[in-house]
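Listed below, chain by chain, are the residues.
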Amino acid sequence: MRLPHPGFRTGLFLLLLALGGGLALLDLRDAPPPGPVPGDEAGEPDYYLEDARLTRFDAQGHPHQRLDTPRLTHTPHDDVTRLARPRGRLLDDSQRVWLASGERGILGAGGNPLTLSGDARLLAPAERWQLDTEVLHFDADSGHAWSDTPALLRQPPQQMRGERFDAWIHDNRARLTDNVHGHHPPDTREDPES
């Protein structure tokens, strides 16, 4: 006795059934476990993000602070966010861009103030000046940036050093205080009237 030969549709159905079963088995495999929870000197974080961009908005809903970081970690007991190699873009009231960076950063509770440490830098491209210091603080609500560590302020060809630095970005004002030393080369341009 001869068994009936399955038709094309039956063969196709069996092939699809086998393929579906194989895909179901692949789906049931355990997903790889996530990497270890990062440890932090402030305790166990409740979350961390990699390749993150944070944007802060003012009361009118306009973005005025952006931070890019390869990794941020938030600890819940102190509501502090720690940033690795943060790069910041700050906008003042006149929409001028200020750039800030450091090796490490800390956003205080509620996202303010921002503290940058380890080769901290504040750059004002429109004014062509740059501040280098070890620790730089920035209060986004008042637009006040300051450093209580020795600072070097450069505006080529001039440069000045001081023990303390303050800048108010909305007013486009900066101040170096305490033991200030400067290098101000004379203007070597020729006077067109002579």
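Cut-off values and rules
- Residues numbered from 1 in each chain as written.
- Predicted model: local features only at pLDDT ≥ 70, side-chain atom pairs only at ≥ 80, totals over all residues.
- Heavy atoms only, no water.
- Salt bridge = Lys/Arg side-chain N within 4 Å of Asp/Glu carboxyl O.
- Buried < 20%, exposed > 50% of the residue type's maximum accessible area, 1.4 Å probe, protein only.
- Patch = residues over 30% accessible without salt bridge, like charges linked within 9 Å, V, L, I, M, F, W, Y side chains within 5 Å.
- Areas by Shrake-Rupley, 256 points an atom, 1.4 Å probe, with all protein chains shown as cover.
- Helix = DSSP H or I, 4+ residues; strand = E, 2+ residues; numbered from the N terminus.
- Phe/Tyr/Trp six-rings, centres within 6.5 Å; stacked < 30°, edge-to-face > 60°.
- 1 Å grid on protein atoms, 1.4 Å probe; cavity = no way out; pocket = protein on both sides within 12 Å on 5 of 7 lines; lining within 4 Å.
- Points joined across faces, edges and corners; volume = space filled by probe spheres on them.
- Nonpolar A, V, L, I, M, F, W, Y, C, P; charged D, E, K, R; others polar.
- Core = buried A, V, L, I, M, F, W, Y, C linked by side-chain atoms within 4.5 Å.
- Contact = heavy atoms within 4.5 Å.
- Pairing = 2+ DSSP bridges.

Novice: So what exactly am I meant to see when it comes to the pattern of salt bridges here?
Specialist: Close approach of charged atoms allows side chains of opposite charge to pair. For the structure shown, the criterion picks out 12 salt bridges. In this structure, the salt-bridge partner of Asp 92 is Arg 96, at a minimum N-O distance of 2.7 Å. Accessibility expressed as a relative area gives 2% for Asp 92, which makes it buried. A salt bridge links Asp 166 to Arg 175; its shortest N-O distance comes to 3.4 Å. Exposure remark for Arg 175: the relative accessible area of 42% places this residue in the partly exposed category. Because the salt bridges share partners, they merge into one network encompassing Asp 148, Arg 164, Asp 166 and Arg 175.

Novice: Before we go on, may I ask you to explain a nonpolar patch on the surface in this structure?
Specialist: A grouping of Phe 8, Leu 12, Leu 15, Leu 16, Leu 19 and Leu 23 is seen on the molecular surface, where their side chains present a nonpolar patch of about 670 Å² in accessible area. Assignment of secondary structure puts Leu 19 in helix α1 (residues 8–28).

Novice: Looking at this structure, how should I read the packing of aromatic side chains?
Specialist: How two aromatic rings sit relative to each other is given by the distance of their centres and the angle of their planes. Taken as a whole and assessed by the stated rule, the structure comprises 2 aromatic pairs. Consider the rings of Trp 129 and Phe 165, whose centres lie 6.0 Å apart with planes at 65 degrees: the pair is edge-to-face. One end of the pair, Trp 129, is in strand β8 (residues 129–139); the other, Phe 165, is in strand β12 (residues 164–168), with 36 residues separating them in the sequence. Under the relative-accessibility criterion, Trp 129 is labelled buried at 9%. By relative accessible area, which is 0% here, Phe 165 ends up buried.

Novice: Can you walk me through the layout of surface pockets in this structure?
Specialist: Think of a ball as big as a water molecule: rolled over the atoms, this probe shows where empty space is left. Taken as a whole, the largest pocket spans an internal volume of roughly 180 Å³. Along the walls of the largest pocket sit Asp 58, His 62, Pro 63, His 64, Leu 91, Asp 92, Asp 93, Gln 95, Ala 140, Asp 141 and His 170, which together make up its complete lining. When its residues are assigned to classes, the lining of the largest pocket shows 3 nonpolar, 4 polar and 4 charged.

Novice: How should I be thinking about the nonpolar core in this particular structure?
Specialist: As a rule of thumb, soluble globular proteins bury nonpolar side chains together. Residues Leu 90, Trp 98, Leu 122, Trp 129, Leu 131, Leu 136 and Phe 165 are the most contacted members of the largest nonpolar core, which totals 25 residues. In terms of residue count, the dominant contributor to this core is strand β7 (residues 114–124) (5 residues).

Novice: Which parts of the structure should I look at to understand the environment of Ile 106?
Specialist: Structurally, Ile 106 is set in strand β6 (residues 104–107). Using a relative accessible area of 36% as the deciding quantity, one classes Ile 106 as partly exposed. Note: C-alpha distance between Ile 106 and Ala 84 (22 residues apart in sequence) is 9.0 Å. Discounting residues that sit within four places of it in the chain, Ile 106 has contacts with Val 80, Thr 81, Arg 82, Pro 113, Leu 114 and Thr 115.

Novice: Please explain the pairing of β7 as it appears in this structure.
Specialist: For a regular strand, the rule is simple: side chains alternate between the two faces of the sheet. Counting buried positions along β7 gives 8 out of 11 residues, so the element sits mostly inside the fold. Alignment of strand β5 (residues 97–101) against β7, held across 3 bridges, turns out to be antiparallel. Bridge assignment links Ala 100 to a residue of β7, and that residue is Leu 122. Of the strand pairs in this sheet, β6 and β7 are connected by 4 bridges, and their pairing is antiparallel. Pairing of Gly 105 across the sheet is with Leu 116, part of β7.

The quantities given are spatial measurements derived from coordinates; they are silent on function.
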